[in-house]
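Descriptive structure summary
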Amino acid sequence: MVITLLFSVELSSAQSVYLPNSYQLYQKFNADIYSVESSFHTSLRPFIIDSLINHRYDSIMNVGVSSDRKSWLNRKIFNEHLFDVKTKDYTFYGDILADLQLGREFNDKRTTNLNTRGYQFGGTVGTKFSFYTSGFENQGKFPTYYNNVVNTNAFIPGQAYARHYHGLAQDSQDWSYVTAIVSYTPIKQLNITLGQDKMFVGDGYRSLLLSDYAANMPLLRLTANLGKVQYMMAWTYLEDIKEQRFDTFGSYRRKWALFHYVDWNISNRVSLGFFNALISPEADAQGNRRGFDLNFINPVLFASSLGSSDSPKDNVLMGFTGKYKIFDKTAIYGQLLLDRFKAKDFFSGNNTDNTNGVQLGIRGADIFKVERLNYLFEFNTVKPYTYSSKDPLSSYSFLGDPLGHPFGANFREFLGIMNYSVGRFDFQGQLDYAKYGLDATLTDNNGKIITKPYPATPDPTPVIGQGIPTQLYYAEGTVSFLINPKYNLRFEVSGLYRLEKNALSDSKTTFITFGVRTGFRNLYHDF
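Residues numbered from 1 in each chain as written. Predicted model: local features only at pLDDT ≥ 70, side-chain atom pairs only at ≥ 80, totals over all residues. Heavy atoms only, no water.

Topic: the pattern of salt bridges
Where we set the bar: The salt bridge definition used is simple: a Lys or Arg side-chain nitrogen within 4 Å of an Asp or Glu carboxyl oxygen. Helix and strand labels come from DSSP, where a helix needs a run of H or I of at least four residues and a strand needs a run of E of at least two; each type is numbered from the N terminus. Each residue is placed in one exposure class: buried if its accessible area under a 1.4 Å probe, protein chains only, is under 20% of its type's maximum, exposed if it is over 50%, and partly exposed if it falls in between.
For the coordinates displayed, the defined rule picks out 21 salt bridges. A salt bridge links Arg163 to Glu137; the shortest N-O distance between them is 3.2 Å. Taken together, the positions of Arg163 in the loop between strand E9 (160-161) and strand E10 (173-187) and Glu137 in strand E7 (residues 129-141) put the pair 26 residues apart, joining distant regions of the chain. Take Arg163: its relative accessible area is 29%, and that puts it in the partly exposed class. For Arg254, the salt bridge is made with Glu239, and the minimal N-O distance between the two is 3.7 Å. A residue pair is termed long-range when its members are at least 10 positions apart, and Arg254 in strand E15 (residues 253-265) and Glu239 in strand E14 (residues 229-240) qualify at 15 residues. Classification of Glu239 as buried rests on a relative accessible area of 15%.

Let's talk about a nonpolar patch on the surface
Applicable threshold: Here, patches come from residues exposed beyond 30% relative accessible area and free of salt bridges, joined within 9 Å for like charges and within 5 Å for nonpolar side chains (Val, Leu, Ile, Met, Phe, Trp, Tyr). In short, Shrake-Rupley with a 1.4 Å probe defines the accessible areas, and a residue's cover is counted only from the protein chains shown.
Residues Leu100, Leu102, Val422, Phe425, Phe427, Val479, Phe481, Phe491, Val493, Phe514 and Val516 make up a contiguous nonpolar surface patch of roughly 860 Å² in combined accessible area. Elements supplying a minimum of two residues to the nonpolar patch: strand E5 (90-105), strand E24 (425-438), strand E25 (468-484), strand E26 (489-501) and strand E27 (506-517). On the basis of relative accessible area, Phe481 is assigned to the partly exposed category, the value being 32%.

Comments concerning the packing of aromatic side chains
Cut-off, in case you're wondering: Here is the rule: rings of Phe, Tyr and Trp (six-membered ring for Trp) pair when centre to centre is within 6.5 Å. Planes less than 30 degrees apart are stacked, more than 60 are edge-to-face, and the remainder are tilted. We count a charge as sitting over a ring when the NZ of a lysine or the CZ of an arginine lies within 6 Å of the ring centre and within 35 degrees of the ring normal.
By the definition in use, this model includes 31 aromatic pairs. Ring plane angle 75° and centroid distance 6.5 Å describe the contact between Phe259 and Tyr396, whose orientation is recorded as edge-to-face. You can see Phe259 sitting in strand E15 and its partner Tyr396 sitting in the loop between strand E20 (373-382) and strand E21 (397-398), a full 137 residues away along the chain. Between Tyr385 and Tyr454, the aromatic rings sit 6.0 Å apart at their centres with planes inclined by 90°, giving edge-to-face as the arrangement. Placement of the pair is Tyr385 in the loop between E20 and E21 and Tyr454 in the loop between E24 and E25, with a sequence separation of 69 residues. Residue classification places Tyr454 among the buried positions, given a relative accessible area of 6%. Within the aromatic cluster, the residues linked to one another by ring pairs are Tyr23, Phe142, Tyr145, Tyr146, Trp175, Tyr205, Tyr213, Tyr524 and Phe527. Cation over ring: Arg340 sits above Tyr454, and NZ or CZ is 3.8 Å from the ring centre. The residue whose ring lies beneath Lys448 is Tyr436, and the NZ or CZ to ring-centre distance is 4.9 Å.

Structural notes on the nonpolar core
What counts, and what does not: Side-chain atoms within 4.5 Å link the members of a nonpolar core, which is a set of buried Ala, Val, Leu, Ile, Met, Phe, Trp, Tyr and Cys residues. Any pair of residues with heavy atoms lying within 4.5 Å of one another is described as a contacting pair.
Membership of the largest hydrophobic core comes to 63 residues, with the highest contact counts inside it found for Leu210, Phe259, Phe275, Tyr387, Tyr396, Phe398 and Leu403. Non-local contacts of Leu210, meaning those with residues more than four positions away in its chain, are made with Met199, Phe200, Val201, Phe259, Phe275, Tyr396 and Leu403. Core analysis: the second largest hydrophobic core is formed by 14 residues, Leu25, Tyr26, Phe29 and Phe520 among them.

Put into structure tokens, the structure is as follows:
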């Protein structure tokens, strides 16, 4: 059926040019993609650049570019990629990337730093094939709250293993990671992507269904654009950093993940989406590998909600997205996540085993008729024990990080972000308030940490904030000056205030940082 649709639907031409997912970059498309005249599918990221956003992309990539810069050095610093080759048959570009930052945490009188050296290369071959890769080697000293998270998990959130030599916690961290994808568009309605990258489902800053908070994962993704319908099916191969290893090489335990997502533009104003995820361990704790299951290649949405035919340890989630453009350049959006869903119990009210999450938000561009003043306001909440599984290996996580919201579960959050660009200057402010429940001891499980096993006898009336009720206040402001738009070379100054408080303690962070930064990527520290 899918193949038939691919050849029967007409669509505006699409190209397989990859656009790295970055909130700072993507929100600059708000005026176009949330216009009531646009039919662009906004809820699946990274975007593939096509004719609907190409004009805006060209405009962003030429901010501050001047033809008056004639010398090679001036052009490379301010206008161009370091390497940039364009011919009739192929294109290629490359850049050296760096994040060099110095900061000060005032509460602990701690000097922080970040020393990142990296690269990016990309290009196209013909009109159907493209590739992109970037890599980063990093050393850094973080604010105390962030460093505590790293030492607890032995992992830099969303990036890579922290190299903890001799198993010891570190005051400074050392890590590296790579993004690499190849993209092929055999026909204009179908894109095939293979590599190591992230995915994001939804229109918000956060996603409860599938976010880019966790690290890059090995993936194969098929995306079909069928006019008003966009269909995505992806397979990923995940690891668990904490589960007991069973082989002689000491490899991390592994699991497969299958994702389906369909986004339907009912009209230019209204869209509905349907999401399905299946997490399945590769082997049990004794190393007995499971056989092949047809659910892993089933293209039918929600077919995997039936779970595997031979593994009761599979973890299945389903969800829905929605968007309505209430005004030109302004959209309300939402998500509904259902875990351990049983329809007969849900509608009867006997739903103590159902766990779920809800997102509601509004975002747009040119608020108060000020061009390039973009905004987002969002509410997120997830019930305790959502995403977890009786077998911790099957939790909705990758290398210990949630595949959904960074807070895990058992939380409620309100956030707002505003961004304004004028010339080369970019200003962004963020406010975040959250309430969640912490565990008093390592053996406690109040439903926030999703890698802990789902209780054998769960509380029949779980409440958000159960455990140690904790409040988080977070504020951040950033000012940047763009030097070269092609690889986002900029000088940036940022200030952060964070207060986490409960009946046992208050943890306060006041922090400023400045430096030279490059690249397009989402690095989260608002948790």
